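Okay, here's what each chain looks like letter by letter:
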Amino acid sequence: GAADVAGSVAGSIEDSVDSTVDLLTDEATVEETRAELDGMATATLDRLFLEQPQAQDLYAQSVGHAIFDTRKLSVAGLAGGTGRGVAVSAEGARTYMRMGTAGVGLSFGIGGFETQVVLLFEDEAAFTEFVTLGLDATADAGSMFGEESASVGVQFVNGRAMFVLTKQGWKVSATAAGTKYWVDATLN
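Note that the structure is predicted; figures quoted are calculated from it, not measured.

Turning our eyes to something else, we now look at unusual backbone geometry. Unlike most non-glycine residues, Asn-158 shows phi in positive territory, near 55°. Tracing the backbone shows Asn-158 in the loop between strand S5 (135-136) and strand S6 (160-166).

Right, let's talk about helix H5 (residues 124-133) for a bit. All of the buried residues along H5 are Ala-126, Phe-127, Phe-130 and Val-131. Relative to the axis of H5, the buried residues are bounded by an arc of 120° and lie together on one face. Set apart from the buried face of H5 by more than 90 degrees, the exposed residues are Ala-125, Thr-132 and Leu-133. A distance of 3.3 Å separates the backbone nitrogen of Ala-125 from a side-chain oxygen at the start of H5, and that oxygen is part of Asp-123.

Before going further, it helps to examine the nonpolar core. In this structure, Leu-48, Val-118, Leu-120 and Phe-163 are the most contacted members of the largest nonpolar core, which totals 21 residues. Counting residues per element, this core draws most heavily on helix H2 (residues 30-51), at 6 residues. In this structure, Phe-163 is in contact with Leu-48, Ala-55, Leu-58, Gln-116, Val-117, Val-118, Leu-120, Val-154, Trp-170, Lys-171 and Val-172, ignoring residues within four places of it in sequence. Counting residues in each nonpolar core, the second largest holds 19 residues, with Ala-66, Met-97, Phe-130 and Val-164 among its members.

Over its 22 residues, H2 runs 31 Å from end to end, which matches the ideal 32 Å to within 8%, given 1.5 Å per residue. Buried residues of H2: Thr-33, Leu-37, Met-40, Ala-41, Thr-44, Leu-45, Leu-48 and Phe-49, and no others. Viewed end-on, H2 has its buried residues packed into an arc of 160°, placing them on one side of the element. What points out from H2, more than 90 degrees from its buried face, is the exposed set Glu-31 and Leu-50.

Let's shift gears to the packing of aromatic side chains. Considering all chains together, one arrives at 6 aromatic pairs under this definition. Judged by centre distance (6.3 Å) and plane angle (85°), the ring pair of Phe-68 and Phe-130 falls under edge-to-face. Of the two residues, Phe-68 sits in strand S1 (residues 64-75) while Phe-130 sits in helix H5, which places them 62 residues apart along the sequence. Comparing Phe-68 with Phe-130, the two get one shared label, buried. Ring centres 4.9 Å apart and planes at 40° place the aromatic pair Phe-121 and Phe-130 in the tilted group. With relative accessibility at 1%, the residue Phe-121 sits in the buried group. Each member of the aromatic cluster is reached from another via a ring pair, and the members are Phe-68, Phe-121, Phe-127, Phe-130 and Tyr-181.

Attention now moves to the pattern of salt bridges. For side chains of opposite charge, pairing can occur when their charged atoms come near one another. Scanning all chains against the criterion turns up 4 salt bridges. Between Arg-47 and Glu-51 there is a salt bridge, and its shortest N-O distance comes to 2.8 Å. Remark: Glu-51 and Arg-47 occur in helix H2; sequence separation between them is 4 residues, near one turn of the helix. Notably, a salt bridge pairs Asp-184 with Arg-98, separated by 3.5 Å at the nearest N-O pair. Of the two residues, Asp-184 is situated in the segment after strand S8 (179-183) and Arg-98 in strand S3 (residues 94-101); the sequence distance between them amounts to 86 residues. The buried category is assigned to Asp-184, whose relative accessible area is 1%. Of the residues examined, Arg-98 reaches a relative accessible area of 8% and is grouped as buried. Sharing partners across several salt bridges, the network here consists of Arg-84, Arg-98 and Asp-184.

The rules we used
- Residue numbers here run from 1 along each chain, matching the order of that chain's written sequence.
- With the structure being a predicted model, the display of local features is reserved for residues of pLDDT at least 70 and the display and counting of side-chain atom pairs for 80 or more, all residues being used for whole-chain, interface and lining totals.
- Only hydrogens and water are removed before side-chain values are computed, so all heavy atoms of the structure are retained for them.
- Each helix is a run of H or I in the DSSP string that is no shorter than four residues. Each strand is a run of E no shorter than two, and both are numbered from the N terminus.
- Relative accessibility thresholds used throughout: buried, under 20% of the residue-type maximum; exposed, over 50%; partly exposed, between the two (1.4 Å probe, protein chains only).
- It is the directions from the helix axis to the C-beta atoms that the arc portrays.
- Each polar contact in these results corresponds to two N or O atoms within 3.5 Å; when the atoms are within protein, one needs to be able to donate a hydrogen and the other to accept it, and residues that are neighboring in sequence are counted only if both atoms are side-chain atoms.
- Buried residues of nine kinds, namely Ala, Val, Leu, Ile, Met, Phe, Trp, Tyr and Cys, make up a nonpolar core once their side-chain atoms join them within 4.5 Å.
- Any two residues whose heavy atoms approach within 4.5 Å are treated as being in contact.
- One fewer than the residue count of a helix, multiplied by 1.5 Å, yields its expected span.
- Only centres within 6.5 Å qualify two rings of Phe, Tyr or Trp (six-membered ring in Trp) as a pair; their planes then separate them into stacked at under 30 degrees, edge-to-face at over 60, and tilted for everything else.
- The salt bridge definition used is simple: a Lys or Arg side-chain nitrogen within 4 Å of an Asp or Glu carboxyl oxygen.

See the structure below:
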């Protein structure tokens, strides 16, 4: 029935996300992958601060941040995205993570090219929950953001501020709708 098809497609997306993420790192050792993610994170933060200077104020107030590099993929006609990143506490502790989008939410900005996502965390509880439990915002897919996201303003919402680099530049998001983040067991 329809539930079987939906379950099969969801399983295919998860398998494809895993294999695509594996493809992104097959040529590298764990140490090389970590170094690549650390370099990407530094370059992405530098670009964010250059192009969205007000993000520096929130960064200064945050207890931690996470930065992801994403790529688009398509499975069974459904668009989605996958990526890897690193969450960094104010003390410098690093947790390497994965992310996936379910064809809504962030995937509007992926548009067939690599992009970056920056999350800033306002309080210790929100950051700790993120690096231990991850974040599953796939159920919030109905509240995805679009062009109006530029007017959200640079502020914390529910303990997080989110910036997404799109073809049009940085977008500010009030939500991580349609996206799941989890700890990367192979890199930690």
